[in-house]
Amino acid sequence: MKKLNRVLLIDDDEITNYMNQRVLNKAEIAEQIDVVLNGEEALNYLTGEAHANATLPLDLILVDIKMSVMDGFDFLAQYQELPDHHKAKKVFTLSSSASFYDLEKLKEFPDVVGFLSKPLTQADAMHLVTEHFS
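Residues numbered from 1 in each chain as written. Predicted model: local features only at pLDDT ≥ 70, side-chain atom pairs only at ≥ 80, totals over all residues. Heavy atoms only, no water.

Student: Help me get a handle on the packing of helix α2 (residues 39-47) against helix α4 (residues 72-79), residues and values and all.
Tutor: The description of two helices packed together rests on the angle between their axes and the distance between the axes. Closest axis-to-axis distance for the α2/α4 pair is 9 Å, and the angle between their directions is 25 degrees. Classed by the angle they form, the pair α2 and α4 counts as roughly parallel. Contact with α2, carried on its side by Gly39, Ala42, Leu43 and Leu46, involves Phe75, Gln78 and Tyr79 of α4 and no other residues of that element. Residue classes in the contact of α2 with α4 are distributed as five nonpolar, two polar and no charged. (Axes fitted to C-alpha atoms, helices over the stretch in contact; angles between N-to-C directions. Helix = DSSP H or I, 4+ residues; strand = E, 2+ residues; numbered from the N terminus. Parallel < 35°, antiparallel > 145°, perpendicular 65-115°, else oblique. Contact = heavy atoms within 4.5 Å. Nonpolar A, V, L, I, M, F, W, Y, C, P; charged D, E, K, R; others polar.)

Student: Which residues make up α2, and what values do they have?
Tutor: Those residues of α2 lying buried are Gly39, Ala42, Leu43, Tyr45 and Leu46. The buried residues of α2 occupy one face: seen down the axis, they fall within an arc of 160 degrees. Taken together, the buried residues of α2 touch β1 (4-10), β2 (30-36), α3 (49-52), β3 (58-63) and α4. Between the side-chain oxygen of the N-cap and the backbone nitrogen of glutamate 40 there are 2.9 Å, and the N-cap of α2 in question is asparagine 38. (Buried < 20%, exposed > 50% of the residue type's maximum accessible area, 1.4 Å probe, protein only. Arc of directions from axis to C-beta. Polar contact = N/O pair within 3.5 Å; in protein donor to acceptor, adjacent residues only side chain to side chain.)

Student: Describe the pairing of β1, with residues and values.
Tutor: When you tally the buried positions in β1, you get seven out of seven residues, the bulk of the element. When β1 meets β2, the two strands line up parallel, connected through six bridges. For arginine 6, the partnering residue across the bridge sits in β2 and is glutamine 32. One ladder, built from five bridges, connects β1 with β3; its direction is parallel. The residue of β3 that forms the bridge with isoleucine 10 is valine 63. (Pairing = 2+ DSSP bridges.)

Student: Let's hear about the pattern of salt bridges: which residues, and what values?
Tutor: One pass over the structure, following the stated rule, counts eight salt bridges. We note a salt bridge from lysine 66 to aspartate 102, for which the minimum N-O separation is 3.5 Å. Within this pair, whereas lysine 66 is found in the loop between β3 and α4, its partner aspartate 102 is found in helix α5 (residues 100-106), the two being separated by 36 residues in sequence. A relative accessible area of 47% places lysine 66 in the partly exposed class. A salt bridge links lysine 105 to glutamate 108; the shortest N-O distance between them is 3.8 Å. Given the relative accessible area of 53%, glutamate 108 is considered exposed. Salt bridges sharing common partners tie together Asp11, Asp64 and Lys118. (Salt bridge = Lys/Arg side-chain N within 4 Å of Asp/Glu carboxyl O.)

Student: Tell me about the sheet that holds β3, and name the residues and values.
Tutor: Judged by pairing direction, the sheet is parallel, and its five strands sit side by side in the order β2-β1-β3-β4-β5 without closing on themselves. The strands lining the two open edges of the sheet, one partner per strand, are β2 and β5 (112-117). In this sheet, adjacent strand axes meet at a mean angle of 20 degrees when their direction is disregarded. Here β3 pairs with strand β4 (residues 90-95) via four bridges, running parallel. Of the residues in β4, the one forming a bridge with leucine 60 is lysine 90. In the packing of helix α1 (residues 14-27) onto the sheet, the strands contacted are β1, β2, β3 and β4, and the crossing angle to β2 comes to about 175 degrees.

Structure, rendered in C-alpha cells:
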C-alpha cells in the first residue's frame, strides 16, 4: 500500500488528536501528520507558510464537526472558497456527531468525500487509503 504524503487532523480535543495521530502512525499510512486545534487554525495553516513551503503535498484532511473557536461547518464553508493549491486531495469529517441534520448538512460541501465516526480505527484508516487513494 502506497503511503499518503501528508495528513491534516483538525480537532479541538488534544487527546483525540493524540489518539488519531497514533492510529495513523501505527497504520503507517502517511509520511507526515500535522495537527491543528480548530477550523481557524486550519485555515491559517492552509493559507500560511507551513503549507506553502511543505515538501510533501497535502493528501487528506480529517476534520471534526463540533469544535470551539470555529467548528467544522464554518471551516468547510470557508475551505470551499480557497484556491485549489491550498486544498487537500480529499476531505473527510471525523466526528462523534452522526445526527441526521449533520449528515444532511455535509452534503452542502462538495469537497467532503465522506464521514467517519469516532474513534478512528486502524482498519478505518487503511480502508480510507485503499478505497480513495489507490
